[in-house]
Each structure stands twice: as structure tokens, then as C-alpha cells.
Amino acid sequence: MAGKKAAAIKDRYSKTQIIAEIADNTGLTRKEVGAVFDELSDLVERHVKKRGCGEFTLPGLLKIVTKKKPAQKARKGVPNPFRPGELMDVPAKPATTQVKVRPLKKLKEYALS
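With an unreviewed UniProt entry as reference, the protein is termed Nucleoid DNA-binding protein, source organism Endozoicomonas lisbonensis. Among the UniProt annotations of the protein, the heading Sequence similarities (unreviewed entry) holds the following wording: "Belongs to the bacterial histone-like protein family."

With that settled, consider a nonpolar patch on the surface. Judged by side-chain polarity, Ile18, Ile22 and Phe37 come together as a nonpolar surface patch covering roughly 200 Å² of accessible area. A residue is classified by how much of its surface remains accessible, and Ile18, at 32% relative accessible area, is partly exposed.

Read from one edge to the other, the open sheet built from 3 strands follows the order β1-β2-β5, with strand pairing classed as antiparallel. Every other strand in the sheet has two partners, leaving β1 (55-58) and β5 (96-103) as the edge strands with one partner each. Each strand of the sheet is rotated relative to its neighbour by a mean of 15 degrees, with strand direction disregarded. Two strands pair when backbone bridges link them, and strand β2 (residues 62-69) and β5 are joined in this way by 8 bridges, in the antiparallel orientation. Of the residues in β5, the one forming a bridge with Val65 is Lys100. Docked against the sheet, helix α2 (residues 30-48) engages β1 and β2, running at close to 145 degrees with respect to β1.

Bringing the packing of helix α1 (residues 15-26) against α2 into the picture now. Direction vectors running N to C along α1 and α2 enclose 120 degrees, while the axes themselves pass 9 Å from each other. Pair α1 / α2 crosses with right-handed handedness. Contacts from Lys15, Ile18, Ile19, Ala20, Ile22 and Ala23 in α1 reach Arg30, Val33, Gly34, Phe37 and Asp38 in α2. For the contact of α1 with α2, the class distribution of residues is 7 nonpolar, 1 polar and 3 charged.

The rules behind the values
Residues numbered from 1 in each chain as written. Predicted model: local features only at pLDDT ≥ 70, side-chain atom pairs only at ≥ 80, totals over all residues. Heavy atoms only, no water. UniProt positions renumbered as here; feature names shortened; annotations may be inferred. Patch = residues over 30% accessible without salt bridge, like charges linked within 9 Å, V, L, I, M, F, W, Y side chains within 5 Å. Areas by Shrake-Rupley, 256 points an atom, 1.4 Å probe, with all protein chains shown as cover. Salt bridge = Lys/Arg side-chain N within 4 Å of Asp/Glu carboxyl O. Buried < 20%, exposed > 50% of the residue type's maximum accessible area, 1.4 Å probe, protein only. Pairing = 2+ DSSP bridges. Helix = DSSP H or I, 4+ residues; strand = E, 2+ residues; numbered from the N terminus. Axes fitted to C-alpha atoms, helices over the stretch in contact; angles between N-to-C directions. Contact = heavy atoms within 4.5 Å. Left-handed = near helix turned anticlockwise from the far one by under 90°. Nonpolar A, V, L, I, M, F, W, Y, C, P; charged D, E, K, R; others polar.

Right under this line is the structure:
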């Protein structure tokens, strides 16, 4: 694989085009590739859902991490950063879970080549 030089793709692929491309290049059927995508989706879901470990890594490409943000109380009389001298009220925010996707080394190298 290291010696193979891939040509750049100018247009964004749809899901169908991605599945067809992978099927053509691997010799698998479209149905089998679709099943792999579905299973990968389920695997990611099981990692990042509420009682999951909160982290999923696609080796060399990307890492998906969840982070729990605590609830914030409402605040009154906070200085307005956009209009100095004015005070504003900040509404309460419920607790939430953020999802972050980080690129790993191979993906960064692909972007630079």
C-alpha cells in the first residue's frame, strides 16, 4: 500500500458512490460493503452512547471522543462583552455531552500530500 499513489478525487462522493468504489476496489459485493458500513456505524454507536466507554478510534485515521459538560446555572447582572457598561442575564444551560472528532497521523499526512 505504501508504494501505491492514489489520485485525488475532485468531487465529494455520496454514500452510494463510496460503497460502489470500495466494492470495485476490493472485489466485495455492494451488499457486503454496505453491511460493513452498517456494522461500523453500530460499533461507533455502542462506544459513544451514554453507558459506553466514550471513545472510538479508527486506527490511523480518526478518534471520536465524548466529553460530559455539567449544567450551568443562570446568572444575572453579567457584564456584556459586546457593549461595555451594560449588564445582561445569561440563561441556564442543561448538562450535555459533546462529541469531538480528532484527526490522527495518517489523516493529517493525507491532507498534506
